[in-house]
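Structural overview for review
Chain by chain, the residues:
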Amino acid sequence: MSDAVEEVVDVITRSSAEIRQGLVGRRGEVDEENPSGETQAEADVFADELLAERLAAIEGVAEYASEERVEISQVGDGDLYVAADPLDGSSNLKSNNTMGTVFGIYDEPLPAPGTSLVAAGYVLYGPITTMAYAHDGTVTKYELTGGERTVVEEDVTLPDEPLIYGFGGRVPDWPADFEAYVREIESNPDHKLRYGGAMIGDVNQVLTYGGIFAYPALEDSPRGKLRLQFEGNPIGYVLESAGGRSSDGTRSILEVEPDELHDRVPVHVGNTELIDRLETALE
Ligand code: F6P
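Residues numbered from 1 in each chain as written. Predicted model: local features only at pLDDT ≥ 70, side-chain atom pairs only at ≥ 80, totals over all residues. Heavy atoms only, no water.

**A word on the packing of aromatic side chains**
Each pair of aromatic rings is reported with the distance of its centres and the angle of its planes. Rules: To pair, rings of Phe, Tyr and Trp, with the six-membered ring standing in for Trp, must have centres within 6.5 Å; the planes then decide the type, stacked if under 30 degrees apart, edge-to-face if over 60, and tilted in the middle. Only protein chains enter the accessibility calculation, which uses a 1.4 Å probe; a residue whose area is less than 20% of its type maximum is buried, one above 50% is exposed, and one in between is partly exposed. In DSSP terms, a helix is any run of H or I states spanning at least four residues, a strand is any run of E spanning at least two, and both are numbered starting from the N terminus.
With the rule as written, the count across this model stands at 6 aromatic pairs. Look at phenylalanine 167 and tryptophan 174: their rings are 6.3 Å apart centre to centre, the planes differ by 90 degrees, and that puts the pair in the edge-to-face class. Judged by relative accessible area, which is 7%, tryptophan 174 ranks as buried. Consider the rings of phenylalanine 178 and tyrosine 181, whose centres lie 6.4 Å apart with planes at 35 degrees: the pair is tilted. With phenylalanine 178 and tyrosine 181 both in helix H3 (residues 176–186), this residue pair falls 3 residues apart, about one helical turn. In this structure, phenylalanine 178 and tyrosine 181 share a single accessibility class: buried. Within the aromatic cluster, the residues linked to one another by ring pairs are Tyr165, Phe167, Trp174, Phe178 and Tyr181.

**What to know about the site of the ligand**
Condition: Residues are labelled near a given molecule or strand when at least one of their non-hydrogen atoms is within 4 Å of it. Nitrogen and oxygen atoms within 3.5 Å of one another constitute a polar contact, given that in protein one can donate a hydrogen and the other can accept it, and given that sequence-neighbouring residues count only through two side-chain atoms. Only the protein chains shown count as cover for residues, and all accessible areas are computed by the Shrake-Rupley method using a 1.4 Å probe. Here the term charged refers only to Asp, Glu, Lys and Arg, the term nonpolar to Ala, Val, Leu, Ile, Met, Phe, Trp, Tyr, Cys and Pro, and the term polar to all other amino acids, Gly among them. Boundaries between domains were set according to an automatic or database domain assignment.
For the ligand, the set of nearby residues contains 13 residues, the closest of which are Asp88, Tyr195, Met199, Tyr215 and Glu231. Between the ligand and the protein, one listed contact pairs an oxygen atom with a side-chain N or O atom of lysine 225 at 3.0 Å. Contact with the protein chains covers 80% of the free accessible surface of the ligand, which is 400 Å². Looking at the shell around the ligand residue by residue, the classes come out as 6 nonpolar, 2 polar and 5 charged. Viewed by domain, the shell around the ligand spans two of them, domain 1 (2–153) and domain 2 (164–282), each represented by three or more residues.

**Here we look at the pattern of salt bridges**
Pairs may arise between side chains of opposite charge once their charged atoms sit close together. Our working rule: Any carboxyl oxygen of Asp or Glu within 4 Å of a side-chain nitrogen of Lys or Arg constitutes a salt bridge here.
Within the structure shown, the criterion is met by 15 salt bridges. When the shortest N-O distance is used, the salt bridge between glutamate 184 and arginine 277 registers 2.7 Å. A residue pair is termed long-range when its members are at least 10 positions apart, and glutamate 184 in helix H3 and arginine 277 in helix H6 (residues 272–282) qualify at 93 residues. On the basis of relative accessible area, glutamate 184 is assigned to the partly exposed category, the value being 39%. A relative accessible area of 29% places arginine 277 in the partly exposed class.

**Focus on the sheet that holds strand E3 (residues 61–66)**
The following threshold applies: At least two bridges found by DSSP between two strands are what make those strands a pair. Residues count as neighbours in contact if any of their non-hydrogen atoms are within 4.5 Å of one another. Lines fitted to C-alpha atoms define the axes, with helix axes restricted to the stretch in contact, and inter-axis angles between N-to-C directions lie between 0 and 180 degrees.
Pairing within the open sheet is mixed, and its 8 strands lie in the order E4-E3-E5-E6-E7-E8-E9-E10. Whereas interior strands pair on both sides, the edge strands pair on one side only; in this sheet they are strand E4 (73–74) and strand E10 (148–153). Strands E3, strand E5 (80–88), strand E6 (99–106), strand E7 (117–125), strand E8 (129–135), strand E9 (138–145) and E10 of the sheet are contacted by helix H1 (residues 3–22), whose axis makes an angle of about 15 degrees with E7.

**A few points about the domain arrangement of the protein chain**
Keep this limit in mind: By buried area we mean the combined loss of accessible area, with a 1.4 Å probe, across both parts when two parts are placed together.
The domain boundaries assigned to the protein chain delineate domain 1 (2–153) and domain 2 (164–282). Between the C-alpha centres of domain 1 and domain 2 there is a distance of 21 Å. Facing the 47 residues of domain 1 at the interface are 32 residues of domain 2. For the pair domain 1 and domain 2, the summed buried area comes to about 2,700 Å², and 61% of that belongs to carbon and sulfur atoms. Scanning the region where domain 1 abuts domain 2 turns up 2 salt bridges. Its salt-bridge partner being arginine 227, residue glutamate 38 comes within 3.2 Å of it at the nearest N-O pair.

**Some details on helix H2 (residues 42–56)**
We apply this condition: By definition here, a helix of n residues has an expected span of 1.5 Å times n minus one.
The terminal C-alpha atoms of H2 lie 21 Å apart, and with 15 residues this matches the ideal 21 Å at 1.5 Å per residue to within 8%. Among all positions in H2, only Ala43, Asp44, Ala47, Asp48, Leu50, Leu51, Ala52 and Leu55 are buried. In this fold, the buried residues of H2 make contact with H1, strand E2 (39–41), E3, E5 and E6.

**Thoughts on the pairing of strand E13 (residues 211–215)**
Burial analysis of E13 places 5 of its 5 residues in the buried class, the great majority of the element. Burial along E13 is two-sided: Gly211, Phe213 and Tyr215 facing one way and Ile212 and Ala214 facing the other are all buried. Two elements, strand E11 (residues 164–167) and E13, share 4 bridges in a ladder whose sense is parallel. Bridged to phenylalanine 167 within E13 is alanine 214. As paired elements, E13 and strand E15 (residues 267–270) share 4 bridges and run antiparallel to each other. Note on E15: the bridge partner recorded for tyrosine 215 is valine 267.

Here it is in structure tokens:
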């Protein structure tokens, strides 16, 4: 891993301590929408500005883009292109539930396909702050304290026996083939439902216990809800690096060619066996 990539991850580690601390007093909304039309929280804007400023100070970073800003920020002349969802699941601010920070480090100008990721990961603001970080085909889990990372587990792989499932979107909005697949997953008494409304929280349960998380195509939104650059690609990269699969319904999310920075993508990630069955069900 290059020094610049390592520096980006260190900066995200340190920034996440400030993002977490900065949630206090920033749980209200600002009078703005993000480029996807979602109302922004004060903490969304705070986290985005903090990451933009900190990442811009790294020599190797050329661009910073996020779910919270319309345009890509040209921040230097390095060869790394960082895309982030600074505060994933910020609708959980009000109820004080789990949230996260998601990042993807690409080696091509944004928007870029997931095949050009050199590293990706996420910070989870749970009862403790943790990070799952993938690069060079391997995933490491850390605990974060005081801006430092401590390794908890190396070479993380998805457990063989899937346990957890969690699917976003209203059930009446699910296409019939997806709903039939969900009913099949639910009919297995070894599977149990976990859905918390923050992708990172839900995906981290899948990485920990095995299973599947999806925010699928919906009847009135064929590209689903989640964003390719900031959510689908980084999460696909982490789960694939942990021995699982990602899919937009027909192929790896990492193979989806972006048209625009804020493109959405149906997201299905988890154990290979479950994603293979999903693709068969959606054929
Ligand atoms: O970024 C969007 C997000 O907050 C994800 O973290 C989460 O998976 C999803 O939206 C939740 O959506 P919904 O409120 O429709 O369940």
